[in-house]
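Here's the letter readout for the chains.
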Amino acid sequence: EFDGSGYPDTLRGEAIPMVSRILTIADTYDAVTSDRPYRKGGDKAKAAREIRENSGSQLDPQCVQAFEITLASGKFEEAAKIPTVFHLR
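Residues numbered from 1 in each chain as written. Predicted model: local features only at pLDDT ≥ 70, side-chain atom pairs only at ≥ 80, totals over all residues. Heavy atoms only, no water.

### Some words on the pattern of salt bridges
Thought 1: Overall, the coordinates contain four salt bridges when judged by the stated rule.
Thought 2: A salt bridge links Arg-21 to Asp-60, with the shortest nitrogen-to-oxygen separation between them at 2.8 Å. Linking Arg-21 in helix α1 (residues 18-33) with Asp-60 in the loop between α2 (44-53) and α3 (61-73), this pair joins segments that are 39 residues apart in sequence.
Thought 3: With a shortest N-O distance of 3.7 Å, Lys-40 and Asp-35 are connected by a salt bridge. The exposure classification of Lys-40 matches that of Asp-35, with both residues exposed. (Salt bridge = Lys/Arg side-chain N within 4 Å of Asp/Glu carboxyl O. Helix = DSSP H or I, 4+ residues; strand = E, 2+ residues; numbered from the N terminus. Buried < 20%, exposed > 50% of the residue type's maximum accessible area, 1.4 Å probe, protein only.)

### Topic: α2
Thought 1: For α2, the complete set of buried residues consists of Ala-47, Ala-48 and Ile-51. Angular distribution of buried residues about the axis of α2 spans 100°; they occupy a single face of the element.
Thought 2: Check the buried side of α2 and you find it contacts α1 and α3. (Arc of directions from axis to C-beta. Contact = heavy atoms within 4.5 Å.)

Shown next, in the form of structure tokens:
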């Protein structure tokens, strides 16, 4: 069971809202692949490895599986190109 470590209120498993489980994976991917003032962003393979390594502890394994399928399909990068009002780069 994903343990909710680092999550407010220490919610576990199914008690964590689905949108939070999905956004956590997206945030992890972005954190690894984006350039920061203190380091260059990593590649998508590095991000996928980190996500896979945290599956079942910090991340929902079913959401990780869906992420991996989406990433392999090429649709993740396609969706990432869609501009949003939240995109600050």
